[in-house]
Amino acid sequence: MSRITLLLAALFFSFTAPAAAQDNSFFERPWRLNLNLWGAGIDGSVGTSDLLVDVSSDAFDDTGIFGTLTWHDPDGRVGFIGSLYVMDTNPAGMIRSGGVSIPTSMDVDNSILEAAFTWNLGKPDSRIDLFGGVRHWDLDAKSSSPVAGPASFGDSWSDLLLGVNFTPRLGENWRLDLRFDYSSGDSNGIWGVWAAVVWAFGDSAGATLGIKYLNADMDTSKGPNTFSGDVELLGPALGVEFAF
């Protein structure tokens, strides 16, 4: 079953579930699970010191998924946030080696895991959460060119993650979700932005429409193996959010 089919099924069951009276409990419940399809385009370069491949694709060329689970103490300010991103993209590639540019087909897999503790500086229904934790990014790329032949490269990075998440109420059933984060450690720096509007259509279900951006500068040198990656992921996201 495709990712789009799974998300459409979740939307269907959310809309057809019994819609209890809007008592605003959606925004006040301590647990929240957000699931999104992400039509992210990719731009940048991946490779080694000997072979570098420029990669690019437009939004919706490939579709990834990401999910975020959050919890906050109803009677306090502490909380937790965890996210998982999975992207399998097939961007157009252009090999740069020895001053020559050669077209190639690409397969770039990204998986990102984040976990952090949060501290709320705002009000219970309009939170300003500072958070700190870890981000782990795995990237694997394969290149296949009839001229240059096959090549594969990739690595993983673990960083210290810091950020802020602002979730102001806009009305009875509406909320903004704004997030900025930055991580560094094994990588040379990864920063991200998330902006979305959330509509609560039931006391335990809502819909989200937003845009997600990630910018990563990563390189490694382990013995004879080297990797260089400078990657941007940008695109809109459509999802569902469950509160419990």
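Residues numbered from 1 in each chain as written. Predicted model: local features only at pLDDT ≥ 70, side-chain atom pairs only at ≥ 80, totals over all residues. Heavy atoms only, no water.

A. Representation of the confidence of the model for the chain in the model. Here the chain averages 85 in pLDDT, and 87% of its residues register 70 or above. Counting interchain partners and residues more than four positions distant, the pLDDT-below-50 stretch residues 4–23 has 25 contacts. (pLDDT = per-residue confidence, 0-100. Contact = heavy atoms within 4.5 Å.)

B. A negative patch on the surface, seen in detail. Taken together, the side chains of Asp 43, Asp 217, Asp 219 and Asp 230 make up a negatively charged region of the molecular surface. Mapped onto the secondary structure, Asp 43 falls in strand β2 (residues 41–47). (Patch = residues over 30% accessible without salt bridge, like charges linked within 9 Å, V, L, I, M, F, W, Y side chains within 5 Å. Areas by Shrake-Rupley, 256 points an atom, 1.4 Å probe, with all protein chains shown as cover. Salt bridge = Lys/Arg side-chain N within 4 Å of Asp/Glu carboxyl O. Lys, Arg positive; Asp, Glu negative; His and termini not counted. Charge placed at Lys NZ, Arg CZ, Asp CG, Glu CD. Helix = DSSP H or I, 4+ residues; strand = E, 2+ residues; numbered from the N terminus.)

C. Local environment of the nonpolar core. Membership of the largest hydrophobic core comes to 30 residues, with the highest contact counts inside it found for Trp 38, Val 46, Trp 137 and Leu 139. In terms of nonpolar packing, the next biggest core, distinct from the first, is built from five residues, Phe 27, Val 198, Ala 200 and Ala 243 among them. (Core = buried A, V, L, I, M, F, W, Y, C linked by side-chain atoms within 4.5 Å. Buried < 20%, exposed > 50% of the residue type's maximum accessible area, 1.4 Å probe, protein only.)

D. Inspection of the pairing of strand β11 (residues 190–200) at higher detail. In β11, alternate side chains face the same way, and those of Ile 190, Gly 192, Trp 194, Ala 196, Val 198 and Ala 200 are buried while those of Trp 191, Val 193, Ala 195, Val 197 and Trp 199 on the opposite face are not. Bridge analysis of strand β10 (residues 174–185) against β11 gives 10 bridges, and the strand direction is antiparallel. Residue Tyr 182 lies in a different strand from β11, and its bridge partner there is Trp 191. (Pairing = 2+ DSSP bridges.)

E. View of the packing of aromatic side chains. In this structure the tally under the stated criterion is 12 aromatic pairs. Ring geometry for Phe 80 and Phe 117: centres 6.1 Å apart, planes at 70°, overall edge-to-face. Of the two residues, Phe 80 sits in strand β5 (residues 78–89) while Phe 117 sits in strand β7 (residues 100–120), which places them 37 residues apart along the sequence. Residue class for Phe 117 comes out exposed when judged on its relative accessible area of 63%. Geometrically, the ring pair formed by Phe 180 and Trp 191 is tilted, given 6.2 Å between the ring centres and 40° between the ring planes. Of this pair, Phe 180 sits in strand β10 while Trp 191 sits in strand β11, placing them 11 residues apart in sequence. Trp 191 sits in the partly exposed class, given a relative accessible area of 32%. Pairwise contacts between aromatic rings join Trp 38, Phe 66, Tyr 85 and Trp 194 into one cluster. When the ring centre of Phe 26 is taken as reference, the NZ or CZ atom of Arg 32 above it lies at 5.2 Å. (Phe/Tyr/Trp six-rings, centres within 6.5 Å; stacked < 30°, edge-to-face > 60°. Lys NZ or Arg CZ within 6 Å of the ring centre and 35° of its normal.)

F. Quick look at empty space enclosed by the protein. The full count for this structure, using the stated rule, is two cavities of 30 Å³ or more. Taken as a whole, the largest cavity holds about 440 Å³ of empty space. Lining the largest cavity are 28 residues, with Thr 70, Ile 81, Asn 165, Thr 167 and Asp 177 positioned closest to its centre. Contributions of two or more residues to the lining of the largest cavity are made by β1 (31–38), β4 (64–72), β5, β8 (127–145), β9 (149–167) and β10. Looking at the lining of the largest cavity, the element that brings in the most residues is β4, giving five residues. Looking at the lining of the largest cavity residue by residue, the class counts come to 10 nonpolar, nine polar and nine charged. There is about 30 Å³ of room inside the second largest cavity. As for the second largest cavity, its lining consists of Ile 81, Gly 82, Ser 83, Glu 114, Ala 115, Ala 116, Phe 131, Leu 161 and Arg 179. Listed by contribution, the elements that provide at least two residues to the lining of the second largest cavity are β5 and β7. A breakdown of the residues in the lining of the second largest cavity according to their chemical character gives five nonpolar, two polar and two charged. (1 Å grid on protein atoms, 1.4 Å probe; cavity = no way out; pocket = protein on both sides within 12 Å on 5 of 7 lines; lining within 4 Å. Points joined across faces, edges and corners; volume = space filled by probe spheres on them. Nonpolar A, V, L, I, M, F, W, Y, C, P; charged D, E, K, R; others polar.)

G. Structural context of the pattern of salt bridges. Summed over the entire model, instances satisfying the criterion amount to nine salt bridges. Among the salt bridges present, the one from Glu 114 reaches Arg 179, with a minimum N-O distance of 2.9 Å. Pair noted here: Glu 114 is in strand β7 and Arg 179 is in strand β10, with a separation of 65 residues, a long-range link. Given the relative accessible area of 3%, Glu 114 is considered buried. Put simply, Asp 177 and Arg 175 hold a salt bridge, and the shortest N to O gap is 4.0 Å. One continuous salt-bridge network, built from bridges that share partners, spans Arg 32, Arg 175, Asp 177 and Glu 241.

H. Spatial organisation of the environment of Gly 93. Mapped onto the secondary structure, Gly 93 falls in strand β6 (residues 92–97). Taking the C-alpha atoms as reference points, Gly 93 and Asp 107, 14 residues apart in sequence, are found 9.3 Å from one another.

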